[in-house]
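In case you want the letters, here they are:
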Amino acid sequence: MNTFKVSVQETSNNAIVKFEVNQFITQHQSFEFNNIDEAKASPLAQQLFYLPFVKKVYISGNFVAVERYDIVEWNDVQDEVAEQIEAYLNDGGVVVEDTAAPKKVPVTIYAESTPNPAVMKFVANKKIVTALFEFTSIDHAKLSPLATELFHFPFVKSVFIDENYVSITKYDMAEWQDITIELREFIKNYIENGKEVVLPEAAETLKKSTKQVDSHFDTLDDTSKEIINILEEYVRPAVASDGGNIQFISYDADTKNVSVLLQGACSGCPSSTYTLKSGIENMLKEMLPGKVDMVEAING
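If you're wondering where the values come from, they're calculated on a predicted model, not measured in any experiment. Per-chain numbering applies: the sequence of each chain, read as written, is numbered from 1 onward. Residues qualify for local features only when their pLDDT is at least 70, as the model is predicted, and side-chain atom pairs are given and counted only at 80 or more; totals for whole chains, interfaces and linings, by contrast, use all residues. Heavy atoms throughout the structure, all of them, feed into the side-chain values; hydrogens and water do not.

### Quick word on the side chain of Ser 30
1) Next: A run of DSSP states H or I qualifies as a helix once it reaches four residues; a run of E qualifies as a strand once it reaches two. Both are numbered from the N-terminal end. Mapped onto the secondary structure, Ser 30 falls in strand E3 (residues 30-33).
2) Next: Exposed residues in this analysis have more than 50% of their type's maximum accessible area, buried residues have under 20%, and partly exposed residues fall in between, with area computed by a 1.4 Å probe over protein chains only. What makes Ser 30 buried here is its relative accessible area of 3%.
3) Next: Among the polar contacts made by the side chain of Ser 30, one reaches the side chain of Ser 60 at a distance of 2.8 Å. Any pair of N or O atoms that falls within 3.5 Å is considered a polar contact. Within protein, one atom must be able to donate a hydrogen and the other to accept it, and sequence-neighbouring residues count only if both atoms are side-chain atoms.

In C-alpha cells, the structure reads:
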C-alpha cells in the first residue's frame, strides 16, 4: 500500500498554494478548473470547491495548486486543506476521471552534454519523477516502463532518471551525433502521451520514499548525518547539473573512511571519479577535522 503524503509549498503568488504529493497523481497531464461545474470530471477538485474560499483548482503531475478568494489567508487554512487532500487520496479517491480533457502543456526536451563523454542528459520542462532512479540493465528496470523501453535501443547501456531529466549512458558502438535526436524525440513523445515514467510503487519498493529515507537517516550516527548534509548542500547540486548523483553509503569511525556511490554521468568516467573523490575528500577533511581520512568512490 503506497501512502500518500501531502506537503504545503508557497508560490510567488500569495493567493496560490501548491499541495505537493509524494507521488504522481496524474499521468504527466495538467487540468485546470475554474468552478465546480467545470470540475465534473475531477471528484477531487469538486470536493475542494465545496470550501467557500476556493477560487480555482489546478492539478498536474504530483501537485494540486489552489487559488483562494480574499476571505481567508492561507496560513489559517492551508494545513487543513493539505490534510483533506491527503485523506482523500489515501481513501482511494479519484483525482480525475478518464474522460477529463487535460490542459495541453507542450513537452520540450533538450539534450545537454555532460563531463562524461559516454553520457547525455535529456532535460524536460516538467517534473517527471519524485525520487531519483538508476537502472543498469533491462532486468533492473522492471519498475520503470520508460527505462525498459529505452533499453530496447541497442546502444543504451544504463538509464538514470532524476526530477526533470533522463541521463543515458551509451555503448561505444554509437556516436551521440547519430542517436541524440532519436532519443530526444522518443523521450518527448513518451512523456507527451502520458505514459508512466516509473510505477507508483517504485520509490517505496526501492526504499527511496521520503518516509523511508528519513527513517534510515534517523538511525545513523552523528558523523554520518553530518557527511550526508554536507554532500546534499555542497556536492549534489553540482553533480545533478552534470546529469549525475552522489549517494552516501557508509562511514567507518575506526578507519575514518567514507564510501559514496557515483551514479548517472558521474559513474564510469575515470576523470570525474578521481576529481569527485579528491574534491569530496578534501571538503570533508576540512569541514570535519579529524573525522575523515579517505573517501572511496564506487561507480554505480
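Once you've had a look at it, read on.
### Describing the nonpolar core
1) Next: If you look at the biggest cluster of nonpolar residues, it comprises 35 residues, and the most contacted ones within it are Leu 150, Ile 161, Val 166, Ile 168, Leu 183 and Ile 187.
2) Next: Broken down by element, this core gets its largest block of residues, 7 residues, from helix H4 (residues 176-192).
3) Next: Here, two residues are considered to be in contact whenever any of their heavy atoms come within 4.5 Å of each other. Among all residues touching Ile 187, those that are not within four sequence positions of it are Ile 109, Phe 122, Leu 150, Val 166 and Ile 168.
4) Next: Listed in part, the 30 residues of the second largest apolar core include Phe 19, Leu 48, Val 77 and Ala 82. To form a nonpolar core, buried Ala, Val, Leu, Ile, Met, Phe, Trp, Tyr and Cys residues must be joined to one another through side-chain atoms within 4.5 Å.

### A closer look at the packing of aromatic side chains
1) Next: Aromatic pairs are defined between Phe, Tyr and Trp rings, using the six-membered ring for Trp, whenever the two ring centres lie within 6.5 Å; interplanar angles under 30 degrees are classed as stacked, those over 60 as edge-to-face, and all others as tilted. Scanning all chains against the criterion turns up 8 aromatic pairs.
2) Next: An aromatic cluster is defined as three or more aromatic residues linked by ring pairs; in this entry it consists of Phe 153, Phe 155, Phe 186 and Tyr 190.
3) Next: Its guanidinium or amino end placed over the ring of Phe 63, Lys 18 lies 4.3 Å from that ring's centre, counting from NZ or CZ. We call a charge positioned above a ring when the Lys NZ or Arg CZ atom is no farther than 6 Å from the ring centre and deviates by at most 35 degrees from the ring normal.

### Describing the pairing of strand E1 (residues 6-10)
The two faces of a sheet get side chains in turn, since along a regular strand they alternate between them.
1) Next: Two elements, E1 and strand E2 (residues 16-21), share 5 bridges in a ladder whose sense is antiparallel. Along E2, the bridge assignment pairs Val 6 with Val 21.
2) Next: As consecutive antiparallel partners, E1 and E2 are separated by 5 residues. For two strands to count as paired, DSSP must find a minimum of two bridges between them.

### Topic: the pattern of salt bridges
1) Next: Salt bridges are identified by distance alone: a Lys or Arg side-chain nitrogen within 4 Å of an Asp or Glu carboxyl oxygen. Enumeration over the complete set of coordinates arrives at 11 salt bridges.
2) Next: Two residues, Arg 68 and Asp 70, come together in a salt bridge whose shortest N-O distance is 3.4 Å.
3) Next: Assessed through its relative accessible area of 6%, Arg 68 is described here as buried.
4) Next: Classification of Asp 70 as exposed rests on a relative accessible area of 69%.
5) Next: Between Lys 291 and Glu 226 there is a salt bridge, and its shortest N-O distance comes to 3.2 Å. Of this pair, Lys 291 sits in the loop between helix H8 (270-287) and strand E13 (294-299) while Glu 226 sits in helix H7 (residues 222-241), placing them 65 residues apart in sequence.

### Side note on the UniProt feature "domain: Scaffold protein Nfu/NifU N-terminal" (unreviewed entry) in the protein chain
1) Next: UniProt positions are given in the numbering used here, feature names are shortened, and annotations may be inferred rather than shown by experiment. Look at the UniProt record and you will see "domain: Scaffold protein Nfu/NifU N-terminal" (unreviewed entry) annotated at residues 6-92 and 109-194.
2) Next: In the segment residues 6-92, helix accounts for 28% and strand for 32%; the C-alpha atoms at its two ends are 15 Å apart.

### Considerations on the side chain of Lys 121
1) Next: Along the chain, Lys 121 turns up in strand E7 (residues 119-124).
2) Next: Owing to a relative accessible area of 6%, Lys 121 belongs among the buried residues under this scheme.
3) Next: Looking at Lys 121, its side chain comes within polar contact range of the main-chain oxygen of Ala 240, at 3.1 Å.
4) Next: Residues in contact with Lys 121, not counting those within four places in the same chain, are Tyr 110, Ala 111, Glu 112, Thr 114, Tyr 165, Val 166, Ser 167, Ala 240, Ser 241, Asp 242 and Gly 243.

### So, a negative patch on the surface
1) Next: Exposure above 30% relative accessible area and no salt bridge define the residues that can form patches, which grow by joining like charges within 9 Å and nonpolar side chains of Val, Leu, Ile, Met, Phe, Trp and Tyr within 5 Å. For the accessible areas, the method is Shrake-Rupley and the probe is 1.4 Å, while residue cover comes only from the protein chains on display. Positive charges come from Lys and Arg alone, negative charges from Asp and Glu alone, with His and the N- and C-terminal ends not counted. By convention, charge coordinates are those of NZ in Lys, CZ in Arg, CG in Asp, or CD in Glu. A surface patch of like charges, here negative, comprises Asp 76, Asp 79, Glu 80 and Glu 83.
2) Next: Mapped onto the elements, Glu 83 comes out in helix H2 (residues 74-90).

### Points about the sheet that holds strand E6 (residues 109-113)
1) Next: Here we have 5 strands laid out as an open sheet, ordered E6-E7-E10-E9-E8, and antiparallel in their pairing. Two strands bound the open sheet, and with one partner strand each, they are E6 and strand E8 (133-135). Across the sheet, the mean angle from the axis of one strand to that of its neighbour is 20 degrees, orientation sign disregarded.
2) Next: Every angle, taken between N-to-C directions, lies between 0 and 180 degrees, and every axis is a line fitted to C-alpha atoms, over only the stretch in contact when it is a helix. Docked against the sheet, H4 engages E6, E7, strand E9 (156-162) and strand E10 (165-170), running at close to 30 degrees with respect to E7.

### Examining the sheet that holds E13
1) Next: If you walk across this open sheet you meet the 3 strands as E11-E12-E13, and the pairing is mixed. The open sheet has two edge strands with one neighbour each: strand E11 (244-252) and E13. Each neighbouring strand pair of the sheet contributes to a mean axis angle of 25 degrees, computed without reference to strand direction.
2) Next: Pairing of E11 with strand E12 (residues 257-264), which is carried by 8 bridges, proceeds in the antiparallel orientation. Considered in E12, the bridge of Phe 248 is made with Val 260.
3) Next: Relative to E11, H7 is tilted by about 165 degrees, and along the sheet it contacts E11 and E12.

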